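# A closer look at the structure
Each chain is listed here by its residues.
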Amino acid sequence: MTRHGVTVLGATGSIGQSTLDVIRRHPERYRVVALTAHRQVERLVADCIEFNPQLAVVGDARTAAQVQERLAATACRCEVTWGTEALVTAATLPDADMIMAAIVGAAGLEPTLAAARAGKRILLANKEVLVMAGELFMHAVRTHGATLLPVDSEHNAIFQSLPADFARGLAACGVQKILLTASGGPFRSKALSELAHVTPEQACAHPNWVMGRKISVDSATMMNKGLEVIEARWLFDAPPEMIQVVVHPQSVIHSAVQYADGSVLAQMGNPDMRTPIAYAMAWPERIAAGVEPLDLFRIARLDFYAPDFERFRCLQLAYDVLHAGGTAPAILNAANEVAVAAFLDGQLPFLGIARLNESVLQSLAAGPEGSLADVVAADAEARHLATGLVRERRFA
Ligand code: NAD
Ligand code: MG
């Protein structure tokens, strides 16, 4: 068996740590080549000591010096660097054939795109990459012979429920609909009026999944499901009309595909990201992931509801930007990153997130998603505008 070299971008995060847990269970199959983090020194140092990578990358020089100092007293001899270029280096090292893309937000775009251009096997958790630059990224995957495997649980479930040759076209494969399930987040059954004063702690308390704070807030606004609709559009070349969001509070069915003959194929399991991570790592084989087996008797029932586009305005905005095309999704993504950070920082109320996103979308004209520079420029312009609106307390 060939032992795969794995680079984990965003190693100290929720997905990164689950990935290292899967690697830890299979030392004969995987070895760590590089680890990246932003500012979490302790976690990164502990992981470097355990996995002994060639390279560790952090966000700035000061953090790099701290990591270096801590590692000097250990047996770990890895190089420690910092910054975007170093992330690109980590994503393209010759010894790594597998790249786990688990940075949160736009910061993951450049290294993940570089991994595609280097023809790597990309395990994609960082959905913002496809939201910002879906066309560009998919083009890079195709032209450079990269292999793209979705880690987002819904997309992983859809991938598992599609035929292996789905790239010849969903309609040609008899697919009628993609049923993208959503837990509905912590505020699924709250009235709009009750949402005005919810706190970051309440928004981050997801009923089924333990995740990073940004995606937790996105789940509470259902922006996450909106981003996932856009992600599905690019991953599976699915027209937006073919993607139906189904609210399913138990998060047992991770998504499903409905076929012309009436069949619906779904993937089920306990809500534990190690399942899609292990699937993507071992594909087309299957390996143990440390996940508890699904007990259908204990679950007993599964519920399904239609999504409420008025209470969860961000979900509607995602369909809107898909129809608008070009850089519109990148603009929405950037506004949302600023809005979520402001909400977590106590600068914006929960309902201000959707308002800010909508306002930025209305103010900026989307251009074509021509090159990475166009996407980066749209992202910067939207971030600038959104930051100004937060500072002026326009939606406070
Ligand atoms: P997290 O916040 O727990 O971890 C984020 C990681 O990215 C950390 O290692 C952090 O150091 C790094 N990072 C943050 N900002 C950075 C920057 N500016 N530059 C470089 N690195 C930076 O997030 P997470 O929950 O693990 O999510 C990671 C990605 O996976 C997100 O795109 C999220 O939408 C997606 N995802 C997560 C889950 C989940 O269950 N957590 C499920 C599906 C998809
Ligand atoms: Mg998901």
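Conventions and cut-offs
Residues numbered from 1 in each chain as written. Chains lettered and ligands numbered in written order. Predicted model: local features only at pLDDT ≥ 70, side-chain atom pairs only at ≥ 80, totals over all residues. Heavy atoms only, no water. UniProt positions renumbered as here; feature names shortened; annotations may be inferred. Helix = DSSP H or I, 4+ residues; strand = E, 2+ residues; numbered from the N terminus. Buried < 20%, exposed > 50% of the residue type's maximum accessible area, 1.4 Å probe, protein only. Near = heavy atom within 4 Å. Polar contact = N/O pair within 3.5 Å; in protein donor to acceptor, adjacent residues only side chain to side chain. Areas by Shrake-Rupley, 256 points an atom, 1.4 Å probe, with all protein chains shown as cover. Domains from an automatic or database assignment. Contact = heavy atoms within 4.5 Å. Pairing = 2+ DSSP bridges. Axes fitted to C-alpha atoms, helices over the stretch in contact; angles between N-to-C directions. Salt bridge = Lys/Arg side-chain N within 4 Å of Asp/Glu carboxyl O. Donors = N, O, S within 2.8 Å, 3.2 Å for Na, K, Ca; no water. Buried area = accessible area lost by both parts, 1.4 Å probe.

This part is about the UniProt feature "binding site: 1-deoxy-D-xylulose 5-phosphate" (unreviewed entry) in the chain. Mapped onto this numbering, the UniProt entry gives "binding site: 1-deoxy-D-xylulose 5-phosphate" (unreviewed entry) at Lys 127, Ser 153, Glu 154, Ser 183, His 206, Ser 219, Asn 224, Lys 225 and Glu 228. Residue position: Ser 153 is located in helix α7 (residues 153–161). Judged by its relative accessible area of 6%, Ser 153 is buried. If you trace the backbone, Glu 228 turns up in helix α10 (residues 223–235).

Let's shift gears to the site of ligand 1. Taken together, 22 residues are adjacent to ligand 1, and Thr 12, Ser 14, His 38, Glu 128 and Gly 212 come closest. At 3.0 Å, a side-chain N or O of Gln 40 approaches an oxygen atom of ligand 1. When ligand 1 is considered free in solution it has 830 Å² of accessible area, and contact with the protein chains removes 87% of it. When residues of the shell around ligand 1 are assigned to domains, at least three fall in each of domain 1 (4–150) and domain 2 (158–299).

This next bit is on the environment of Ala 114. Structurally, the position occupied by Ala 114 is in helix α5 (residues 109–117). In the structure, Ala 114 is positioned 94 residues away from Leu 20 in sequence and 22 Å away in space, judged by C-alpha atoms. Among residues more than four places away in sequence, those in contact with Ala 114 are Val 88 and Thr 92.

With respect to topology, four strands assemble into an open sheet ordered β9-β8-β10-β11, the strand pairing being mixed. Only two strands of the sheet have a single neighbouring strand rather than two, namely β9 (243–247) and β11 (264–268). Strand-to-strand twist in this sheet, taken as the mean axis angle between neighbours without regard to direction, amounts to 20°. Alignment of strand β10 (residues 253–259) against β11, held across five bridges, turns out to be antiparallel. In the strand pairing of β11, Gln 258 is matched with Val 264. Most of the contacts of α7 go to β10, to which it runs at about 40°, and overall it touches β8 (175–182), β10 and β11.

Bringing the pattern of salt bridges into the picture now. Enumeration over the complete set of coordinates arrives at 25 salt bridges. Residues Asp 21 and Arg 274 are paired through a salt bridge, measuring 3.0 Å at the closest nitrogen-oxygen approach. You can see Asp 21 sitting in helix α1 (residues 14–25) and its partner Arg 274 sitting in helix α11 (residues 274–282), a full 253 residues away along the chain. Neither residue differs from the other here; Asp 21 and Arg 274 are each classed as buried.

A separate point is the coordination of the magnesium ion (ligand 2). Ligation of the magnesium ion (ligand 2) by protein atoms is provided by Asp 152 (OD), Glu 154 (OE) and Glu 228 (OE), these donors lying 2.1 to 2.2 Å from the ion. Between consecutive donor residues of the magnesium ion (ligand 2), the sequence gaps follow D-x1-E-x73-E. In terms of burial, Asp 152 and Glu 154 fall into one category: buried.

Those places that UniProt annotates as "domain: 1-deoxy-D-xylulose 5-phosphate reductoisomerase C-terminal" (unreviewed entry) correspond, in this numbering, to residues 148–236. As annotated, residues 148–236 has a helix share of 40% and a strand share of 12%, and its two end C-alpha atoms lie 11 Å apart.

Let us look at the domain arrangement of the chain. Its domain assignment divides the chain into domain 1 (4–150), domain 2 (158–299) and domain 3 (325–391). Taking only C-alpha atoms, the centre of domain 1 and the centre of domain 2 are 24 Å apart. On the domain 2 side, the residues contacting the 28 residues of domain 1 number 27 residues. Summed over both partners, the interface of domain 1 with domain 2 comes to about 2400 Å²; 70% of that surface belongs to carbon and sulfur atoms. Linking domain 1 with domain 2 are four salt bridges, by the criterion used here. In this structure, Lys 214 engages Glu 128 in a salt bridge whose closest nitrogen and oxygen atoms are separated by 2.9 Å.

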